[in-house]
Amino acid sequence: MTDIPAPRHIPDRLDKPFRSAIFSWEALLVVVAIAIFAINSFASPYFLDPYSLSDLTFNFTEKGLIAFAMALLIISGEIDLSVAAIIALASTMMGMAVQAGAGTPVLVLIGIVVGLGCGAFNGLLVTRLGLPSIVVTIGTMSLFRGIAFIILGDQAYKGYPESFAFFGQGYVWWVVSFELVLFLIAAVVYWFLLHRTSFGRRVFAIGNNPVAAQFSGVRVGRIKFILFCLTGLMSGIASVLITSRLGSTRPSIAQGYELEVITMVVLGGVSILGGAGSIVGVVLAAFIMGLVTFGLGLLNVPGIVMSIFIGLLLIIVIALPIVWRRLRGSS
Amino acid sequence: MKAFLKYREIWLAAAIIVLIGLISTRFPAFADPGNLRQVFNDTSILMILALGQMVVILTRSIDLSMASNLCFSGMVVAMLNAAHPAIPIPLLIVIALAVGLVLGAINGLLVWRLNIPSIVVTLGTLTIYRGATFVLSGGAWVNADKMSPDFIGFQRAAFLGIPVLSWIAILVIALFFVLMTRTALGRSIYAIGVNPTASVYTGIDVGRTKFIVFCISGMIGGLAGYLWISRYVIASVEVANGYELNIIAACVIGGISIAGGIGSVGGAVLGALFLGIISNALPVINISPFWQMAISGSAIILAVVLNARGERQQGRIILRKVEAA
């Protein structure tokens, strides 16, 4: 009896993918998400309840929708600070239409078109005039919300039709809300767009080196313009959802959302300098932010204190890999 | 280059004079020296903040946490004053500066030591500092009746016919002017903004300089914290909420390039004055104050369009064309 030597293992690829998968950003986020989920379940007996968990999703679906488009925009090296102002303007326009007696389909159309228009305006200023997007969108942020303030002042629009309430308050099946379904569909669409199409590759190329991308035949300006339009479009959709959920419009609606959306994107592993990021990361970051705010809410922690945790989470999650790498490098 | 910079500020100053002229056609008393002094005093805090933001932006960074820093430092001195009215005001100002310095140093350390982009760091500390204000105060307000008369009166006292607040602004402007034009630190701040790589080779410690500019903007935030609270005589978590963008707007209108390296003390002051004049003028010419936001938004966009046009003449054409195409 002779031992037959075991066939030599010939790797068909380097073992790196597995290791890099374990140490990837998304894996870190999954660990964080599970940890927060577990802490929440222990901390509050009300957390592990289908209806609670369903309520939880409303914390991130609207911002998450914008975060997908924002992720692409930031990957391409631009940014849009005006998204919350677009929500306010689109909501104000919908409110005006309601006063004129518009029905639900028209309202939705107005919300989306206003969002798209605002995005296109940003895109034109950035790509046609070659202006830095951070400044342009600080300007349009004041401009869009300013128009909402001029129209509404300290008033509010109410009286949205009952059928309009479905978008922000309706459930598709059991505890699965319409907003959540829309969020998941958008996640798949944007994942496909960014990771499986040549358009997505071009977005990465622009973010890594706009000059090289231009000389490789990528229409940098046009793609950036499309990304601004997409961000505006998603803000318009989010505006429909928020307006429907609240059932009223004030010019201060969605104040400060832009920073939360950007926090979500950066937490999701998208490089603020452009050129890197994934939609899976953004989805996970959206869940994490929803979990943190909802879990703390169940514990009666005020919103302003929650924001400390979000801020700390942002800095720690970004700093952790850097510190880790440095410690390993020095040892 | 220098002549060109002067050119831009002269244009901005001209725009401000035209603006005042237009306003006085509808409300003649606006151009009154006494009223203009009042406008300057009203704008003092924004001018001080814009200068602190300017040094950060010049190094290609940004400090979004200034308004939250202001809120926290202001709350610290307001609570100290409410608890111990005997603490003299100069000491409170030093405390405000120190608290602001610590908050700014946290930003600076994260940017310097961990190399995290400043927009991410200050986005995080923006919410953390404001949240910390809530934790510190327990959500309570410090109202005028809890503040000592000195605390409220200090900046209102007139010296040579001008309130102390305006004098503080003038002093800060002078200090920044000396810093930016007469010191090695000022030169290295510009150098880093124009070309960070070349700055390293000329022996400038880029990381350390960035740390210093965040310390400066932090101290300015602390100083503005005391001034804001004693001016509006209320300290709460909501103080200056969202004001960080007004500060950046003043810088942008003042011609400070967000890409770093371009901008001046005069520009930041004029940019702040421009916004201050608009907010002071709207009520007196019977335009609803609700117009202010849209007007300053339009001013920002207009300013950045004009500034970009100016920068384009300087020979960065190749890069710009590619980005714009």
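Residues numbered from 1 in each chain as written. Chains lettered and ligands numbered in written order. Predicted model: local features only at pLDDT ≥ 70, side-chain atom pairs only at ≥ 80, totals over all residues.

Note the following rule: UniProt positions are given in the numbering used here, feature names are shortened, and annotations may be inferred rather than shown by experiment.
Labelled according to an unreviewed UniProt entry, chain A appears under the name Autoinducer 2 import system permease protein LsrD, originating from Mesorhizobium huakuii. Database annotation for chain A, UniProt heading Function (unreviewed entry): "Part of the ABC transporter complex LsrABCD involved in autoinducer 2 (AI-2) import. Probably responsible for the translocation of the substrate across the membrane." According to UniProt, the comment filed for chain A under the heading Subcellular location (unreviewed entry) is "Cell membrane".

**Focus on the overall build of chain B**
Rule in force here: Put simply, DSSP marks the helices as runs of H or I at least four residues long and the strands as runs of E at least two long, and each gets a number from the N terminus on. Both definitions apply: the radius of gyration is a C-alpha atom measure, and the globule rule equals 2.2 Å times residues to the power 0.38. Here a residue counts as buried when 20 or more other C-beta atoms fall within 10 Å of its C-beta, as exposed when 12 or fewer do, and as partly exposed in between; the C-beta atoms come from the backbone.
Each helix and strand counted, chain B has 14 helices and 2 strands in total. The C-alpha atoms of chain B give 20 Å as radius of gyration, which agrees with the globular expectation for 325 residues (20 Å, within 12%). Once the C-alpha set of chain B is aligned to its principal axes, its extents read approximately 60 × 55 × 35 Å. Counting every position in chain B, which comprises 325 residues, the buried fraction comes to 49%.

**Overview of the overall build of chain A**
Quick reminder of the rule: Contact criterion: two residues are in contact if their C-beta atoms, reconstructed from the backbone, are within 7 Å.
From N to C terminus, chain A includes 15 helices and 2 strands. In summary, chain A has a C-alpha radius of gyration of 22 Å against a globular reference of 20 Å for 331 residues, a match within 12%. Along the longest, intermediate and shortest principal axes, the C-alpha atoms of chain A span 90 × 60 × 40 Å. Per-residue burial over chain A gives 50% buried out of 331 residues. Of the contacts formed within chain A by residues at least 6 apart in sequence, a portion of 78% connects residues at least 24 apart.

**Comments concerning the interface of chain A and chain B**
The condition that has to hold: Under the grouping applied here, Gly and all other residues not named as nonpolar or charged are polar, the nonpolar ones being Ala, Val, Leu, Ile, Met, Phe, Trp, Tyr, Cys and Pro and the charged ones Asp, Glu, Lys and Arg.
In this assembly, 45 residues from chain A lie in contact with 46 residues from chain B. When residues of the side of chain A that touches chain B are assigned to their parent elements, the largest contribution, 14 residues, is made by helix 7 (residues 133-152) of chain A. Partitioned by chemical class, the residues of the side of chain A that touches chain B number 32 nonpolar, 12 polar and 1 charged.

**Describing the packing of helix 4 (residues 61-75) of chain A against helix 9 (residues 178-195) of chain A**
Residues and elements named next belong to chain A. The condition that has to hold: Axis angles are defined between N-to-C directions and span 0 to 180 degrees, where every axis is a line fitted to C-alpha atoms and, for a helix, only to the segment in contact. Orientation is classified from the angle alone, with under 35 degrees giving roughly parallel, over 145 giving roughly antiparallel, 65 to 115 giving roughly perpendicular, and any other angle giving oblique.
Interaxial distance between helix 4 and helix 9 falls to 9 Å at its minimum, and their mutual angle equals 10 degrees. What the angle tells us is that helix 4 and helix 9 run roughly parallel. Residue-level contacts link Thr61, Glu62, Gly64, Leu65, Phe68 and Leu72 of helix 4 to Glu179, Leu180, Leu182, Phe183, Ala186, Ala187, Tyr190 and Leu194 of helix 9.

**Digging into the environment of Val121 of chain B**
Residue position: Val121 of chain B is located in helix 5 (residues 118-137). Spatially, the C-alpha atom of Val121 of chain B lies 6.4 Å from that of Asn107 of chain B, the residues being 14 residues apart in sequence. Not counting residues up to four positions away in its chain, the partners in contact with Val121 of chain B are Ile315 of chain A together with Asn107, Leu110, Val111 and Ile116 of chain B.

**What to know about the environment of Ile62 of chain B**
All names here are of chain B. Its place among the elements puts Ile62 in the loop between helix 2 (33-58) and helix 3 (66-83). Residue class for Ile62 comes out buried when judged on the 23 C-beta atoms lying within 10 Å of it. It is 14 Å that separates the C-alpha atoms of Ile62 and Ala105, two residues lying 43 residues apart in sequence. Setting aside residues up to four positions removed in sequence, Ile62 forms contacts with Val56, Ile57, Ser118, Ile119 and Thr122.

**Examining the environment of Ile253 of chain A**
Residues and elements named next belong to chain A. Its place among the elements puts Ile253 in the loop between helix 12 (220-246) and helix 13 (257-267). The buried category is assigned to Ile253, around which 25 C-beta atoms lie within 10 Å. When the C-alpha atoms of Ile253 and Ala213 are compared, they prove to be 39 Å apart, with 40 residues separating the residues in sequence. Filtering out sequence-adjacent residues up to four positions away, Ile253 remains in contact with Ile87, Ala88, Ser91 and Ile242.

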